[in-house]
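Summary of the model geometry
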Amino acid sequence: MNKATLSATAVVSALALGLPLAPTASATAVERVPSRHSEQHRSGHSIPFTEATVTAGADGSYSLSWKAEGVRRVEIRANGRVVARGGSTGRAVVTGLPAADRQWFWFQADHGQGLRLADRLVRLSGTVNLRDAGGYRTANGQWVRMGEVYRSDALAKLTAEDRAELRRLDVRTVFDLRMEDERAKDPDKVPEGVDYVVADVFAGSGAFLSLPRSPAEAERMMAEAERSMVSGDGGRKAYSQVFDGIREDDARAVLFHCTAGKDRTGWAGAALLTALGVPRDTVMADYLASNTYRKAADDAVLGHLPPQQAAVYKPLLEVRAEYLDSGYDEVEATYGSFDRYLKDALGIDHRELKRLKRDLLIG
């Protein structure tokens, strides 16, 4: 990775560290999620749901939607009671639930295995892009467990309440993907007892000397940074650490983050979902979701810049499909296939990948 590209990363970091933060949700409790190996399922093995989502509203309501093939009835429970019913396809808005750190819903059809879901975004006062990496359906009909792996922006501004909530969510290992100067300037405020692991994606890449001078140059820098995450020494080592941590800590939740939670974190999330068999278009949608979660904060930054400068910085603050595509292109060019990338770059062979899927997939 050249120094100009690293400069683009530095700009993103510097801007992101000064962003305003989203308000915290009113929360007093959390419903615990069963661990990967203790989770109990109802009758049947396969999950009939082809689509299922939970979206929390600002007013405390929850919007639910689902599609389940070959079923007549669907019942959804929260806090031990039925909150919605419907047929094979349905939508519902649920209100009046008690305040909680995170509200969980159990989707159950008249046959097959049930599905436990929550809103993907975890609302803390010190983050804007902390979300669950799970809740997605794989190409073969399994689902990625929620409550096991989280991705986030920087944890430098976590409040005491935020840290307590992470504890209640059972986050016990945090991987910091940031560079040394980022960590020194804004050290993570992780909960007491959490294992904090430095996994510097750009370690040893050099100093910052130049900045992009045009939007096109900024876009090229971001794409080059993505490629470096895939084939650079620091990226291979860092993402290997993250995958090892996820596989080894199968009884507690893992969180990985960078500064904005979109580029270095974005590739970690994309690589994990791809390894688990989530379709490429779904992975892309998850990657691009950072633009939604970060929009208010990014708009605030760009709004304080002269128009010409804002045009240059905008590609640095956003995630774009071509950035992630450049990462996949680098996988093909350097390793030949994603499975070879997992094995040769991250040290994940067939047996370890099978274990990862066993731990993180249901259905």
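Residues numbered from 1 in each chain as written. Predicted model: local features only at pLDDT ≥ 70, side-chain atom pairs only at ≥ 80, totals over all residues. Heavy atoms only, no water.

**Topic: the overall build of the protein chain**
Here is the rule: Counting from the N terminus, the helices are DSSP H or I runs at least four residues long and the strands are E runs at least two residues long. Summary of the burial criterion: residues with accessible area below 20% of their type's maximum are buried, those above 50% are exposed, and those between are partly exposed, where the area comes from a 1.4 Å probe applied to protein chains only. Only heavy atoms enter the contact rule, under which two residues are in contact if any of them lie within 4.5 Å. All accessibility values rest on the Shrake-Rupley procedure with a 1.4 Å probe; residue burial counts only the protein chains present in the view.
Scanning the protein chain from N- to C-terminus turns up twelve helices and 14 strands. By the burial criterion, 55% of the 363 residues in the protein chain qualify as buried. For the protein chain, the share of sequence-separated contacts (at least 6 apart) that also reach a separation of at least 24 residues comes to 72%. By element, 49% of the accessible surface of the protein chain is carried by carbon and sulfur atoms, the whole surface being about 15,300 Å².

**Digging into the side chain of R172**
As a reminder, the rule being used: N or O atoms within 3.5 Å of each other form a polar contact, as long as, within protein, one can give a hydrogen and the other can take it, and as long as residues adjacent in sequence are counted only when both atoms are side-chain atoms.
Considering the arrangement of structural elements, one finds R172 in strand β11 (residues 171–176). There is a polar contact of 3.2 Å between the side chain of R172 and the backbone oxygen of R167. Not counting the four nearest positions on each side in its chain, R172 is found in contact with L166, R167, V194, D195, R252 and A253.

**Here's the deal with helix α6 (residues 264–276)**
Along an α-helix, a turn takes 3.6 residues, which lines up residues three or four apart on a common side. Quick reminder of the rule: Working rule for helices: expected span equals 1.5 Å times residues minus one.
The end-to-end C-alpha separation of α6 is 19 Å, in line with the 18 Å expected for 13 residues at 1.5 Å each. Most of α6 is tucked away, with twelve of its 13 residues classed as buried. Taken together, the buried positions of α6 are occupied by R264, T265, G266, W267, A268, G269, A270, A271, L272, L273, A275 and L276.

**So, the pattern of salt bridges**
The test is simple: Here, a salt bridge means any side-chain nitrogen of Lys or Arg that lies within 4 Å of a carboxyl oxygen of Asp or Glu.
Under the definition given, this model contains 30 salt bridges. D119 serves as the salt-bridge partner of R123, at 2.8 Å between the closest nitrogen and oxygen. Given the relative accessible area of 31%, R123 is considered partly exposed. A salt bridge links R151 to D286; its shortest N-O distance comes to 3.2 Å. Of this pair, R151 sits in strand β10 (residues 149–152) while D286 sits in helix α7 (residues 280–293), and the two are 135 residues apart along the sequence. Several salt bridges share partner residues, and in doing so they unite E219, K314, E318 and R320 into one network.

**Here we look at the side chain of T138**
Mapped onto the secondary structure, T138 falls in the loop between β8 (131–132) and β9 (143–144). Engagement of the side chain of T138 in a polar contact is seen with the side chain of N140, the distance being 2.4 Å. When sequence neighbours within four positions are dropped, the list of residues in contact with T138 reads V144, L276, G277, V278, P279 and L361.

**Structural notes on the packing of helix α10 (residues 321–335) against helix α11 (residues 338–345)**
This is how the line gets drawn: Every axis corresponds to a line fitted to the C-alpha atoms, with the helix fit spanning only the stretch in contact, and the corresponding angles, defined between N-to-C directions, vary from 0 to 180 degrees. Just so you know how the angles are binned, under 35 degrees is roughly parallel, over 145 roughly antiparallel, 65 to 115 roughly perpendicular, and the rest oblique. Under the scheme applied here, ten amino acids are nonpolar (Ala, Val, Leu, Ile, Met, Phe, Trp, Tyr, Cys and Pro), four are charged (Asp, Glu, Lys and Arg), and all others, including Gly, are polar.
Between α10 and α11, the shortest axis-to-axis distance is 9 Å and the interhelical angle comes to 70 degrees. By the angle class used here, α10 and α11 are roughly perpendicular. Between α10, through Y328, V331, E332 and Y335, and α11, the contact on the second element is made entirely by F338, R340, Y341, D344 and A345. Looking at side-chain class alone, the contact of α10 with α11 contains six nonpolar, no polar and three charged residues.

**Digging into the sheet that holds strand β4 (residues 81–86)**
Formally: For two strands to count as paired, DSSP must find a minimum of two bridges between them.
Here we have four strands laid out as an open sheet, ordered β4-β3-β6-β7, and antiparallel in their pairing. Of all the strands in the sheet, the pair left with one neighbour each is β4 and β7 (115–118). Within the sheet, the average angular offset between the axes of one strand and its neighbour, ignoring direction, is 25 degrees. By the bridge criterion, four bridges tie strand β3 (residues 74–78) to strand β6 (residues 104–109) in an arrangement that is antiparallel. For I76, the partnering residue across the bridge sits in β6 and is F107.

**Details of the layout of surface pockets**
Applicable threshold: Residues are said to line a cavity or pocket when one of their atoms sits within 4 Å of a point; the points come from a 1 Å grid over protein atoms alone, cavities being sets where a 1.4 Å probe fits but cannot get out and pockets being open sets with protein on both sides within 12 Å along at least five of seven lines. Grid points are joined across faces, edges and corners, and a volume is the space filled by probe spheres set on the points.
In this structure, the second largest pocket spans a volume of roughly 490 Å³. Lining the second largest pocket are 25 residues; nearest its centre among them are A52, T53, R120, G135 and Y136. Listed by contribution, the elements that provide at least two residues to the lining of the second largest pocket are β1 (49–56), β7 and α7. A per-element tally of the lining of the second largest pocket places β1 first, with six residues. Of the residues that constitute the lining of the second largest pocket, the class distribution is twelve nonpolar, six polar and seven charged.

**Some points on the pairing of β3**
With burial as the criterion, only one face of β3 is covered, namely that bearing V74, I76 and A78; the residues E75 and R77 on the opposite face remain uncovered. Bridge count between β3 and β4: five bridges; the pairing is antiparallel. Looking at β4, one finds that R77 is bridged to V82. Where β3 folds back onto β4 in an antiparallel hairpin, the turn is made up of two residues, including N79, whose phi is positive at roughly 55 degrees.

**Focus: the confidence of the model for the protein chain**
Under the convention used in this document: One number per residue, pLDDT, summarises how confident the predictor is, and it ranges from 0 to 100.
Here the protein chain shows a mean pLDDT of 89. Residues at 70 or above account for 87%. Predicted confidence for residues 16–32 stays below pLDDT 50, and this span has 54 contacts to residues more than four positions away or in other chains.

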